[in-house]
Amino acid sequence: MAITTGTEAPELAGLPLLGSLFDLKNDSLGTFLRARRDHGDVVRISAGPPGIRTTVYGVFSAAGAQQVLAGESANFRKDNAFYQEVRESFGNGLLTSQDEDYLRQRRLVQPLFTRRRVDGYAAAVAAETAALTEEWRDAGTVDVLQAMTRLSLRAVARILFGTDVDAAVEIVEDNFPDVGAYVLRRGYSPLNVPRDWPTPGNRRAATVHRALYEVCDRIIAERRSSGGAPGDGQDLLTLLVEAESAEDGSFDATELREQVLVFLLAGHETTATSLGFALHLLALHPEERKRAHEEVDRVLAGRTPGAGDLDALPYVTRVLKEAMRLFPAAPVIGRRAVEATVVGGVAIPAGADVIVAPWVTHRHPDYWEDAERFDPDRFTPEAEAARPRYAWFPFGGGPRACIGQHFSMLESVIALAMILQRHDLEAVDTVVPVAPAITLQAAGPARCRLTPRRP
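Treat the numbers as computed from the prediction; the structure is a model and nothing was measured. (Residues numbered from 1 in each chain as written. Predicted model: local features only at pLDDT ≥ 70, side-chain atom pairs only at ≥ 80, totals over all residues. Heavy atoms only, no water.)

A. Broad picture of the overall build of the chain. Scanning the chain from N- to C-terminus turns up 16 helices and 14 strands. In terms of overall dimensions, the chain is globule-like: its C-alpha atoms have a radius of gyration of 22 Å, near the 23 Å expected for 455 residues. Along the three orthogonal principal directions, the C-alpha set of the chain runs to about 60 × 55 × 45 Å. Classification of the 455 residues of the chain by burial places 53% in the buried group. In the chain, the share of contacts with a sequence separation of at least 24, taken over all contacts with a separation of at least 6, comes to 72%. Taken as a whole, the chain presents about 19,500 Å² of accessible surface, with 53% of it coming from carbon and sulfur. (Helix = DSSP H or I, 4+ residues; strand = E, 2+ residues; numbered from the N terminus. Rg over C-alpha atoms; globule rule 2.2 N^0.38 Å. Buried < 20%, exposed > 50% of the residue type's maximum accessible area, 1.4 Å probe, protein only. Contact = heavy atoms within 4.5 Å. Areas by Shrake-Rupley, 256 points an atom, 1.4 Å probe, with all protein chains shown as cover.)

B. Inspection of the side chain of Thr317 at higher detail. You can see Thr317 is positioned in helix α13 (residues 314-326). Here Thr317 is in contact with Leu310, Met409 and Val413, once residues within four sequence places are set aside.

C. Layout of the side chain of Asp429. With respect to the secondary-structure elements, Asp429 resides in the loop between β11 (423-427) and β12 (434-436). Look at Asp429 and you get buried, because its relative accessible area is 11%. When neighbours within four sequence positions are excluded, Asp429 is seen to be in contact with His280, Pro445, Ala446 and Arg447.

D. Spatial organisation of the packing of helix α11 (residues 253-284) against helix α16 (residues 405-422). Where α11 contacts α16, the two axes come as close as 10 Å, and the packing angle between them is 35°. Considering how the two elements wind past one another, α11 and α16 form a crossing that is right-handed. Packed against α11, whose contacting residues are Gly267, Thr271, Ser274, Leu275, Ala278, Leu279 and Leu282, the element α16 presents Phe407, Ser408, Glu411, Ser412, Ala415, Leu416, Ile419 and Leu420 at the interface. Taken together, the residues of the contact of α11 with α16 sort by class into 9 nonpolar, 5 polar and 1 charged. (Axes fitted to C-alpha atoms, helices over the stretch in contact; angles between N-to-C directions. Left-handed = near helix turned anticlockwise from the far one by under 90°. Nonpolar A, V, L, I, M, F, W, Y, C, P; charged D, E, K, R; others polar.)

E. Focus on the pattern of salt bridges. Using the criterion set out here, one finds 30 salt bridges in the structure. The residue Glu134 makes a salt bridge to Arg137 at a minimum N-O spacing of 2.9 Å. Note that Asp178 is salt-bridged to Arg204, the shortest N-O span being 2.4 Å. One end of the pair, Asp178, is in helix α8 (residues 165-187); the other, Arg204, is in helix α9 (residues 200-226), and 26 residues separate them in sequence. Asp178 gets classed as partly exposed once you look at its relative accessible area, which sits at 30%. The exposure class assigned to Arg204 is partly exposed, which follows from its relative accessible area of 42%. Within this structure, Glu8, Glu11 and Arg44 form a network of salt bridges that share partners. (Salt bridge = Lys/Arg side-chain N within 4 Å of Asp/Glu carboxyl O.)

F. Focus on the sheet that holds strand β3 (residues 76-77). On the basis of which strands lie adjacent, the open sheet formed by 5 strands has the order β1-β2-β10-β7-β3 and mixed pairing. The outermost strands of the open sheet, each flanked by one partner alone, are β1 (42-47) and β3. The sheet contact formed by β3 and strand β7 (residues 333-337) spans 2 bridges and is antiparallel. Note on β7: the bridge partner recorded for Phe76 is Ala337. (Pairing = 2+ DSSP bridges.)

G. Summary view of α11. Compared with the 46 Å implied by 1.5 Å per residue over 32 residues, the 47 Å span of α11 between its first and last C-alpha is a close match. α11 sits mainly inside the fold: 27 of its 32 residues count as buried. Capping the start of α11 is the job of one residue whose side-chain oxygen sits 3.1 Å from the backbone nitrogen of Thr254: Asp252. (Expected span 1.5 Å × (residues − 1). Polar contact = N/O pair within 3.5 Å; in protein donor to acceptor, adjacent residues only side chain to side chain.)

H. Highlighting the state of the cysteines. Under the defined criterion, the tally for this structure stands at 0 disulfides. We note that Cys402 lacks a disulfide partner, and the nearest cysteine sulfur, in Cys216, lies 18 Å from it. With a relative accessible area of 33%, Cys402 lands in the partly exposed category. (Disulfide = S-S within 2.5 Å.)

I. The sheet that holds strand β4 (residues 141-143), seen in detail. Here 3 strands make up an open sheet; going across it, the order is β4-β14-β11 and the pairing antiparallel. Only two strands of the sheet have a single partner each, and these edge strands are β4 and β11. Strand after strand, the sheet turns through a mean of 40° between neighbouring axes, direction not considered. Where β11 lies against strand β14 (residues 447-452), 5 bridges are found, and the strand directions are antiparallel. Paired with Asp424 across the strands is Thr451, a residue of β14. Seen against the sheet, α11 touches β11 and β14 and runs at an angle of roughly 75° to β11. The strands touched by α16 are β11 and β14; relative to β11, the strand with the most contacts, the crossing angle is about 95°.

J. Region of interest: the packing of aromatic side chains. Counted under the stated rule, the structure contains 9 aromatic pairs. Between the aromatic rings of Tyr121 and Phe407, the centroid separation amounts to 6.2 Å while the plane-to-plane angle is 85°, which identifies the pairing as edge-to-face. Taken as a pair, Tyr121 in the loop between α5 (115-119) and α6 (122-135) and Phe407 in helix α16 lie far apart in primary sequence, 286 residues in all. With relative accessibility at 7%, the residue Tyr121 sits in the buried group. With centroids separated by 6.0 Å and ring planes inclined at 50°, the aromatic side chains of Tyr390 and Phe393 adopt a geometry described as tilted. Phe393 sits in the buried class, given a relative accessible area of 1%. An aromatic cluster of at least three residues, connected via ring pairs, comprises Phe277, Phe327 and Trp359. Sitting above the plane of the Phe379 ring, Arg387 keeps its charged end 5.0 Å from the centroid. Directly above the aromatic system of Tyr390 lies the positively charged group of Arg389, at a separation of 4.3 Å from the ring centroid. (Phe/Tyr/Trp six-rings, centres within 6.5 Å; stacked < 30°, edge-to-face > 60°. Lys NZ or Arg CZ within 6 Å of the ring centre and 35° of its normal.)

Right under this line is the structure:
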(Lines give C-alpha, C1' and ligand atoms only; values in the text may rest on other atoms or scores of the structure.)
Protein backbone atom coordinates (compact mmCIF):
# COMPACT_ATOMS: atom_id res chain seq x y z
CA MET A 1 0.00 0.00 0.00
CA ALA A 2 1.31 3.45 -0.89
CA ILE A 3 2.40 5.80 1.89
CA THR A 4 -0.08 8.68 2.02
CA THR A 5 1.32 11.01 4.69
CA GLY A 6 3.51 13.79 3.39
CA THR A 7 3.88 17.53 3.33
CA GLU A 8 1.69 19.67 1.09
CA ALA A 9 3.27 20.46 -2.28
CA PRO A 10 4.51 24.02 -2.72
CA GLU A 11 2.60 25.89 -5.42
CA LEU A 12 4.13 27.88 -8.25
CA ALA A 13 3.01 31.49 -7.94
CA GLY A 14 0.68 32.72 -10.67
CA LEU A 15 -2.06 35.25 -11.37
CA PRO A 16 -4.85 35.50 -8.79
CA LEU A 17 -7.61 34.28 -11.13
CA LEU A 18 -5.76 32.41 -13.88
CA GLY A 19 -2.82 30.90 -12.00
CA SER A 20 0.01 29.88 -14.33
CA LEU A 21 -2.20 29.70 -17.42
CA PHE A 22 -0.26 32.20 -19.53
CA ASP A 23 3.13 30.97 -18.34
CA LEU A 24 2.26 27.44 -19.42
CA LYS A 25 0.76 28.61 -22.70
CA ASN A 26 3.72 30.81 -23.62
CA ASP A 27 6.61 28.69 -22.30
CA SER A 28 5.64 25.51 -20.51
CA LEU A 29 9.16 24.06 -20.50
CA GLY A 30 10.61 27.23 -19.01
CA THR A 31 7.80 27.29 -16.46
CA PHE A 32 8.62 23.75 -15.31
CA LEU A 33 12.32 24.68 -15.01
CA ARG A 34 11.39 27.71 -12.90
CA ALA A 35 9.08 25.61 -10.73
CA ARG A 36 11.91 23.23 -9.83
CA ARG A 37 14.42 26.02 -9.34
CA ASP A 38 12.14 28.04 -7.02
CA HIS A 39 10.26 25.30 -5.16
CA GLY A 40 12.09 21.97 -5.37
CA ASP A 41 11.50 18.55 -6.85
CA VAL A 42 7.71 18.25 -6.39
CA VAL A 43 5.65 21.33 -7.24
CA ARG A 44 1.93 22.00 -7.66
CA ILE A 45 1.08 24.09 -10.73
CA SER A 46 -2.45 25.42 -11.30
CA ALA A 47 -3.88 27.06 -14.41
CA GLY A 48 -7.24 28.40 -15.52
CA PRO A 49 -10.13 30.31 -13.94
CA PRO A 50 -12.01 29.04 -10.88
CA GLY A 51 -14.46 26.29 -11.76
CA ILE A 52 -12.41 24.88 -14.62
CA ARG A 53 -8.95 25.23 -13.10
CA THR A 54 -6.55 22.35 -13.69
CA THR A 55 -3.77 21.36 -11.31
CA VAL A 56 -0.73 19.26 -12.12
CA TYR A 57 2.01 18.00 -9.83
CA GLY A 58 5.46 18.31 -11.38
CA VAL A 59 7.93 15.63 -10.25
CA PHE A 60 11.45 16.60 -11.23
CA SER A 61 13.97 14.41 -9.39
CA ALA A 62 15.46 11.19 -10.74
CA ALA A 63 14.10 9.26 -7.76
CA GLY A 64 10.65 10.75 -8.30
CA ALA A 65 10.67 9.87 -12.00
CA GLN A 66 11.68 6.31 -11.12
CA GLN A 67 8.84 6.04 -8.59
CA VAL A 68 6.22 7.31 -11.06
CA LEU A 69 7.40 5.32 -14.09
CA ALA A 70 8.71 2.16 -12.46
CA GLY A 71 8.37 1.67 -8.70
CA GLU A 72 4.68 2.65 -8.52
CA SER A 73 3.85 2.44 -12.22
CA ALA A 74 0.52 0.68 -11.53
CA ASN A 75 -0.59 3.71 -9.51
CA PHE A 76 0.29 6.21 -12.25
CA ARG A 77 -1.80 5.55 -15.34
CA LYS A 78 -2.23 7.04 -18.80
CA ASP A 79 -5.68 8.32 -17.88
CA ASN A 80 -5.23 12.05 -18.38
CA ALA A 81 -6.92 14.23 -21.00
CA PHE A 82 -3.87 14.41 -23.26
CA TYR A 83 -3.53 10.65 -23.62
CA GLN A 84 -7.25 10.40 -24.29
CA GLU A 85 -6.87 12.80 -27.22
CA VAL A 86 -3.89 10.82 -28.57
CA ARG A 87 -6.00 7.66 -28.20
CA GLU A 88 -8.86 9.25 -30.15
CA SER A 89 -6.54 10.28 -32.99
CA PHE A 90 -4.11 7.37 -33.24
CA GLY A 91 -6.08 4.53 -31.74
CA ASN A 92 -5.47 2.22 -28.81
CA GLY A 93 -2.00 1.03 -29.84
CA LEU A 94 1.07 0.41 -27.70
CA LEU A 95 1.53 4.10 -26.88
CA THR A 96 -1.91 4.57 -25.34
CA SER A 97 -3.36 1.16 -24.42
CA GLN A 98 -3.43 -0.06 -20.82
CA ASP A 99 -4.00 -3.13 -18.68
CA GLU A 100 -4.71 -6.38 -20.53
CA ASP A 101 -4.97 -4.60 -23.90
CA TYR A 102 -1.43 -3.31 -23.47
CA LEU A 103 -0.02 -6.61 -22.19
CA ARG A 104 -1.58 -8.53 -25.08
CA GLN A 105 -0.26 -6.05 -27.68
CA ARG A 106 3.20 -6.01 -26.10
CA ARG A 107 3.40 -9.81 -26.16
CA LEU A 108 2.42 -9.89 -29.83
CA VAL A 109 4.79 -7.10 -30.84
CA GLN A 110 7.81 -7.91 -28.65
CA PRO A 111 9.25 -10.58 -31.04
CA LEU A 112 9.37 -7.93 -33.78
CA PHE A 113 11.75 -5.81 -31.69
CA THR A 114 14.36 -8.30 -30.59
CA ARG A 115 17.92 -7.07 -31.07
CA ARG A 116 18.50 -9.57 -33.88
CA ARG A 117 15.34 -8.49 -35.72
CA VAL A 118 16.06 -4.78 -35.28
CA ASP A 119 19.66 -5.20 -36.44
CA GLY A 120 18.21 -6.51 -39.69
CA TYR A 121 16.75 -3.05 -40.38
CA ALA A 122 20.19 -1.43 -40.60
CA ALA A 123 20.44 -1.83 -44.38
CA ALA A 124 17.15 0.05 -44.92
CA VAL A 125 18.36 2.92 -42.73
CA ALA A 126 21.69 3.03 -44.58
CA ALA A 127 19.99 3.06 -47.98
CA GLU A 128 17.76 5.99 -47.07
CA THR A 129 20.68 7.90 -45.54
CA ALA A 130 22.85 7.30 -48.60
CA ALA A 131 20.11 8.73 -50.82
CA LEU A 132 19.86 11.80 -48.59
CA THR A 133 23.59 12.48 -48.51
CA GLU A 134 23.67 12.22 -52.29
CA GLU A 135 20.92 14.86 -52.50
CA TRP A 136 23.03 17.06 -50.23
CA ARG A 137 26.06 16.96 -52.53
CA ASP A 138 25.32 20.44 -53.90
CA ALA A 139 22.75 21.58 -51.35
CA GLY A 140 24.81 24.33 -49.72
CA THR A 141 22.55 25.02 -46.74
CA VAL A 142 19.90 22.73 -45.23
CA ASP A 143 17.55 22.79 -42.26
CA VAL A 144 18.83 19.67 -40.51
CA LEU A 145 15.75 19.21 -38.32
CA GLN A 146 13.47 19.30 -41.34
CA ALA A 147 15.78 16.98 -43.26
CA MET A 148 16.02 14.47 -40.38
CA THR A 149 12.24 14.43 -40.07
CA ARG A 150 11.93 13.34 -43.69
CA LEU A 151 14.82 10.88 -43.42
CA SER A 152 13.38 9.23 -40.30
CA LEU A 153 9.91 9.07 -41.83
CA ARG A 154 11.23 7.43 -44.99
CA ALA A 155 13.30 4.97 -42.97
CA VAL A 156 10.44 3.91 -40.68
CA ALA A 157 8.01 3.75 -43.63
CA ARG A 158 10.44 1.56 -45.55
CA ILE A 159 10.82 -0.76 -42.56
CA LEU A 160 7.06 -0.81 -41.98
CA PHE A 161 5.83 -1.06 -45.53
CA GLY A 162 8.73 -2.44 -47.56
CA THR A 163 8.43 -1.10 -51.10
CA ASP A 164 5.25 0.92 -50.42
CA VAL A 165 7.23 3.88 -49.07
CA ASP A 166 6.32 6.83 -51.26
CA ALA A 167 2.56 6.42 -50.96
CA ALA A 168 2.72 6.47 -47.19
CA VAL A 169 5.34 9.19 -46.81
CA GLU A 170 3.43 11.81 -48.78
CA ILE A 171 0.22 11.24 -46.83
CA VAL A 172 1.98 11.27 -43.46
CA GLU A 173 4.01 14.39 -44.28
CA ASP A 174 0.88 16.23 -45.34
CA ASN A 175 -1.31 15.22 -42.40
CA PHE A 176 0.70 14.36 -39.28
CA PRO A 177 1.40 18.00 -38.34
CA ASP A 178 -2.32 18.83 -38.41
CA VAL A 179 -3.18 15.81 -36.27
CA GLY A 180 -0.49 16.73 -33.77
CA ALA A 181 -1.72 20.32 -33.51
CA TYR A 182 -5.32 19.13 -33.04
CA VAL A 183 -4.34 16.69 -30.28
CA LEU A 184 -2.25 19.33 -28.52
CA ARG A 185 -4.99 21.96 -28.67
CA ARG A 186 -7.65 19.64 -27.28
CA GLY A 187 -5.37 17.84 -24.81
CA TYR A 188 -4.50 21.04 -22.95
CA SER A 189 -7.83 22.84 -23.23
CA PRO A 190 -10.05 22.86 -20.11
CA LEU A 191 -13.18 22.67 -22.29
CA ASN A 192 -13.68 20.92 -25.64
CA VAL A 193 -16.69 20.47 -27.86
CA PRO A 194 -17.34 16.87 -28.95
CA ARG A 195 -15.29 15.72 -31.93
CA ASP A 196 -18.38 15.05 -34.01
CA TRP A 197 -19.64 18.63 -33.83
CA PRO A 198 -19.16 20.22 -37.29
CA THR A 199 -16.79 23.01 -36.26
CA PRO A 200 -14.09 24.06 -38.77
CA GLY A 201 -11.38 22.50 -36.60
CA ASN A 202 -13.26 19.22 -36.23
CA ARG A 203 -14.02 19.03 -39.95
CA ARG A 204 -10.38 19.61 -40.85
CA ALA A 205 -9.29 17.01 -38.30
CA ALA A 206 -11.77 14.48 -39.68
CA THR A 207 -10.34 14.99 -43.17
CA VAL A 208 -6.73 14.44 -42.13
CA HIS A 209 -7.60 11.47 -39.93
CA ARG A 210 -9.47 9.89 -42.84
CA ALA A 211 -6.47 10.33 -45.14
CA LEU A 212 -4.13 8.63 -42.65
CA TYR A 213 -6.56 5.80 -41.94
CA GLU A 214 -7.19 5.16 -45.64
CA VAL A 215 -3.53 4.81 -46.62
CA CYS A 216 -2.86 2.45 -43.70
CA ASP A 217 -6.01 0.40 -44.36
CA ARG A 218 -5.23 0.12 -48.07
CA ILE A 219 -1.67 -1.12 -47.57
CA ILE A 220 -2.77 -3.53 -44.82
CA ALA A 221 -5.56 -4.94 -47.00
CA GLU A 222 -3.19 -5.37 -49.96
CA ARG A 223 -0.63 -7.07 -47.75
CA ARG A 224 -3.18 -9.49 -46.31
CA SER A 225 -4.69 -10.36 -49.67
CA SER A 226 -1.29 -10.90 -51.29
CA GLY A 227 -0.02 -13.08 -48.46
CA GLY A 228 3.00 -10.89 -47.67
CA ALA A 229 5.26 -8.11 -48.81
CA PRO A 230 7.10 -7.95 -52.11
CA GLY A 231 10.62 -9.30 -51.85
CA ASP A 232 11.67 -11.15 -48.72
CA GLY A 233 8.47 -10.36 -46.79
CA GLN A 234 10.37 -9.16 -43.73
CA ASP A 235 8.97 -5.66 -43.43
CA LEU A 236 7.34 -4.84 -40.12
CA LEU A 237 3.79 -4.77 -41.48
CA THR A 238 4.08 -8.34 -42.77
CA LEU A 239 5.38 -9.42 -39.36
CA LEU A 240 2.48 -7.60 -37.67
CA VAL A 241 -0.02 -9.28 -39.99
CA GLU A 242 1.52 -12.66 -39.17
CA ALA A 243 1.87 -12.02 -35.42
CA GLU A 244 -0.17 -14.63 -33.59
CA SER A 245 -0.08 -16.72 -30.43
CA ALA A 246 -2.30 -19.29 -28.82
CA GLU A 247 -2.77 -17.02 -25.81
CA ASP A 248 -3.21 -13.65 -27.51
CA GLY A 249 -4.69 -14.43 -30.92
CA SER A 250 -3.73 -11.95 -33.63
CA PHE A 251 -4.37 -8.34 -34.63
CA ASP A 252 -7.57 -7.50 -36.48
CA ALA A 253 -7.61 -4.81 -39.18
CA THR A 254 -8.38 -1.94 -36.79
CA GLU A 255 -5.68 -3.03 -34.35
CA LEU A 256 -3.17 -3.28 -37.16
CA ARG A 257 -3.95 0.25 -38.27
CA GLU A 258 -3.55 1.52 -34.72
CA GLN A 259 -0.16 -0.14 -34.32
CA VAL A 260 0.99 1.20 -37.68
CA LEU A 261 -0.06 4.77 -36.81
CA VAL A 262 1.71 4.61 -33.47
CA PHE A 263 4.87 3.20 -35.07
CA LEU A 264 4.80 5.95 -37.69
CA LEU A 265 4.36 8.64 -35.03
CA ALA A 266 6.77 7.36 -32.39
CA GLY A 267 9.20 5.82 -34.86
CA HIS A 268 9.96 8.91 -36.89
CA GLU A 269 9.39 12.04 -34.79
CA THR A 270 11.49 10.90 -31.83
CA THR A 271 14.46 9.75 -33.91
CA ALA A 272 14.26 12.86 -36.08
CA THR A 273 14.52 15.07 -32.99
CA SER A 274 17.59 13.22 -31.71
CA LEU A 275 19.35 13.23 -35.08
CA GLY A 276 18.46 16.79 -36.00
CA PHE A 277 19.66 18.28 -32.73
CA ALA A 278 22.80 16.10 -32.73
CA LEU A 279 23.72 17.64 -36.09
CA HIS A 280 22.80 21.13 -34.89
CA LEU A 281 24.94 20.77 -31.75
CA LEU A 282 27.91 19.34 -33.64
CA ALA A 283 27.65 22.20 -36.13
CA LEU A 284 27.96 24.62 -33.20
CA HIS A 285 30.92 22.83 -31.57
CA PRO A 286 33.94 22.28 -33.87
CA GLU A 287 36.08 20.34 -31.36
CA GLU A 288 33.36 17.78 -30.69
CA ARG A 289 32.61 17.58 -34.41
CA LYS A 290 36.27 16.91 -35.14
CA ARG A 291 36.32 14.03 -32.64
CA ALA A 292 33.19 12.54 -34.21
CA HIS A 293 34.66 12.84 -37.72
CA GLU A 294 37.89 11.18 -36.59
CA GLU A 295 36.07 8.25 -35.01
CA VAL A 296 33.87 7.68 -38.04
CA ASP A 297 36.84 7.87 -40.43
CA ARG A 298 38.94 5.53 -38.31
CA VAL A 299 36.27 2.90 -37.68
CA LEU A 300 34.50 2.84 -41.04
CA ALA A 301 37.32 3.82 -43.40
CA GLY A 302 34.77 4.92 -45.99
CA ARG A 303 32.51 1.86 -45.89
CA THR A 304 28.81 1.84 -45.06
CA PRO A 305 28.13 1.12 -41.36
CA GLY A 306 26.00 -1.78 -40.19
CA ALA A 307 24.49 -2.94 -36.92
CA GLY A 308 27.79 -4.54 -35.92
CA ASP A 309 29.52 -1.14 -35.90
CA LEU A 310 27.46 0.42 -33.10
CA ASP A 311 29.78 -0.68 -30.30
CA ALA A 312 32.79 0.58 -32.27
CA LEU A 313 31.34 4.12 -32.46
CA PRO A 314 31.14 5.11 -28.79
CA TYR A 315 31.76 8.84 -29.32
CA VAL A 316 29.03 9.12 -31.97
CA THR A 317 26.73 7.33 -29.51
CA ARG A 318 27.68 9.76 -26.75
CA VAL A 319 26.91 12.70 -29.05
CA LEU A 320 23.43 11.33 -29.62
CA LYS A 321 22.84 10.69 -25.91
CA GLU A 322 23.89 14.24 -25.07
CA ALA A 323 21.57 15.57 -27.78
CA MET A 324 18.76 13.51 -26.22
CA ARG A 325 19.62 14.98 -22.83
CA LEU A 326 19.39 18.57 -24.01
CA PHE A 327 16.52 18.01 -26.45
CA PRO A 328 14.51 14.96 -25.29
CA ALA A 329 11.88 14.02 -27.86
CA ALA A 330 9.37 13.46 -25.03
CA PRO A 331 10.16 16.50 -22.84
CA VAL A 332 7.16 15.92 -20.55
CA ILE A 333 5.44 12.63 -19.66
CA GLY A 334 2.00 12.70 -18.04
CA ARG A 335 0.25 10.29 -15.71
CA ARG A 336 -2.74 10.30 -13.34
CA ALA A 337 -2.49 8.97 -9.78
CA VAL A 338 -5.05 6.29 -8.89
CA GLU A 339 -4.46 6.34 -5.14
CA ALA A 340 -2.91 8.94 -2.87
CA THR A 341 0.82 8.50 -2.40
CA VAL A 342 3.95 10.39 -1.40
CA VAL A 343 6.79 11.35 -3.75
CA GLY A 344 9.92 12.89 -2.29
CA GLY A 345 8.14 13.49 1.01
CA VAL A 346 5.32 15.40 -0.71
CA ALA A 347 1.72 14.20 -0.74
CA ILE A 348 0.14 13.43 -4.13
CA PRO A 349 -3.66 13.10 -3.81
CA ALA A 350 -5.72 10.42 -5.50
CA GLY A 351 -6.83 11.47 -8.97
CA ALA A 352 -4.07 14.07 -9.37
CA ASP A 353 -2.48 14.73 -12.73
CA VAL A 354 1.27 14.20 -12.47
CA ILE A 355 4.10 14.95 -14.87
CA VAL A 356 7.68 13.81 -14.95
CA ALA A 357 9.82 15.98 -17.18
CA PRO A 358 12.99 14.79 -18.88
CA TRP A 359 13.44 18.41 -19.99
CA VAL A 360 13.85 19.41 -16.34
CA THR A 361 15.50 16.32 -14.85
CA HIS A 362 18.06 16.32 -17.69
CA ARG A 363 19.07 19.81 -16.47
CA HIS A 364 18.89 19.11 -12.73
CA PRO A 365 21.99 20.55 -11.03
CA ASP A 366 22.22 17.54 -8.69
CA TYR A 367 23.08 15.33 -11.67
CA TRP A 368 24.46 17.64 -14.37
CA GLU A 369 27.15 20.26 -13.85
CA ASP A 370 26.80 23.31 -16.12
CA ALA A 371 23.73 21.57 -17.54
CA GLU A 372 23.23 23.72 -20.65
CA ARG A 373 26.74 22.98 -21.93
CA PHE A 374 27.07 20.40 -24.73
CA ASP A 375 29.46 17.70 -23.51
CA PRO A 376 29.19 14.18 -24.97
CA ASP A 377 31.70 12.92 -22.38
CA ARG A 378 28.91 13.05 -19.80
CA PHE A 379 28.08 9.63 -21.25
CA THR A 380 31.30 7.74 -20.78
CA PRO A 381 30.61 4.41 -19.01
CA GLU A 382 32.15 5.76 -15.80
CA ALA A 383 30.06 8.94 -15.82
CA GLU A 384 26.85 7.03 -16.54
CA ALA A 385 27.51 4.57 -13.71
CA ALA A 386 27.94 7.45 -11.24
CA ARG A 387 24.47 8.93 -11.90
CA PRO A 388 21.04 7.77 -10.74
CA ARG A 389 19.26 5.57 -13.28
CA TYR A 390 16.54 8.12 -14.00
CA ALA A 391 18.76 11.18 -14.28
CA TRP A 392 18.48 10.50 -18.05
CA PHE A 393 15.34 8.87 -19.41
CA PRO A 394 14.57 9.99 -22.98
CA PHE A 395 12.83 6.66 -23.67
CA GLY A 396 10.68 6.75 -20.55
CA GLY A 397 11.13 3.89 -18.13
CA GLY A 398 9.60 1.06 -16.20
CA PRO A 399 7.15 -1.38 -17.79
CA ARG A 400 6.04 1.29 -20.32
CA ALA A 401 9.55 2.10 -21.56
CA CYS A 402 9.73 2.59 -25.32
CA ILE A 403 9.80 -0.78 -27.07
CA GLY A 404 11.70 0.75 -29.99
CA GLN A 405 14.64 2.30 -28.16
CA HIS A 406 17.22 -0.09 -29.66
CA PHE A 407 15.83 0.63 -33.13
CA SER A 408 16.01 4.38 -32.47
CA MET A 409 19.66 4.16 -31.40
CA LEU A 410 20.52 1.88 -34.33
CA GLU A 411 18.95 4.27 -36.83
CA SER A 412 20.46 7.34 -35.20
CA VAL A 413 24.03 6.02 -34.97
CA ILE A 414 24.05 4.70 -38.55
CA ALA A 415 22.52 7.85 -40.01
CA LEU A 416 24.74 10.23 -38.04
CA ALA A 417 27.90 8.27 -38.89
CA MET A 418 27.05 8.28 -42.62
CA ILE A 419 26.29 12.00 -42.64
CA LEU A 420 29.57 12.75 -40.85
CA GLN A 421 31.44 10.52 -43.33
CA ARG A 422 30.31 12.66 -46.22
CA HIS A 423 29.75 16.18 -44.88
CA ASP A 424 31.14 18.81 -42.59
CA LEU A 425 28.64 21.20 -41.03
CA GLU A 426 28.66 24.78 -39.81
CA ALA A 427 25.68 26.26 -37.98
CA VAL A 428 23.76 29.12 -39.55
CA ASP A 429 21.11 29.25 -36.81
CA THR A 430 22.81 29.26 -33.43
CA VAL A 431 19.60 29.14 -31.36
CA VAL A 432 16.61 26.94 -32.20
CA PRO A 433 13.46 27.70 -30.18
CA VAL A 434 11.42 24.66 -29.22
CA ALA A 435 7.98 23.87 -27.86
CA PRO A 436 6.34 20.64 -26.67
CA ALA A 437 3.67 19.02 -28.83
CA ILE A 438 3.08 15.26 -28.97
CA THR A 439 6.87 15.27 -29.25
CA LEU A 440 9.36 18.14 -28.96
CA GLN A 441 9.00 20.47 -31.95
CA ALA A 442 11.30 23.15 -33.30
CA ALA A 443 9.67 26.58 -33.50
CA GLY A 444 12.29 27.79 -35.97
CA PRO A 445 14.85 26.47 -38.46
CA ALA A 446 18.13 24.73 -37.66
CA ARG A 447 20.07 25.56 -40.81
CA CYS A 448 23.59 24.33 -41.42
CA ARG A 449 26.07 25.01 -44.22
CA LEU A 450 27.30 21.76 -45.72
CA THR A 451 30.77 21.05 -47.06
CA PRO A 452 31.26 17.71 -48.85
CA ARG A 453 34.15 15.67 -47.50
CA ARG A 454 35.83 12.38 -48.21
CA PRO A 455 37.36 10.41 -45.35
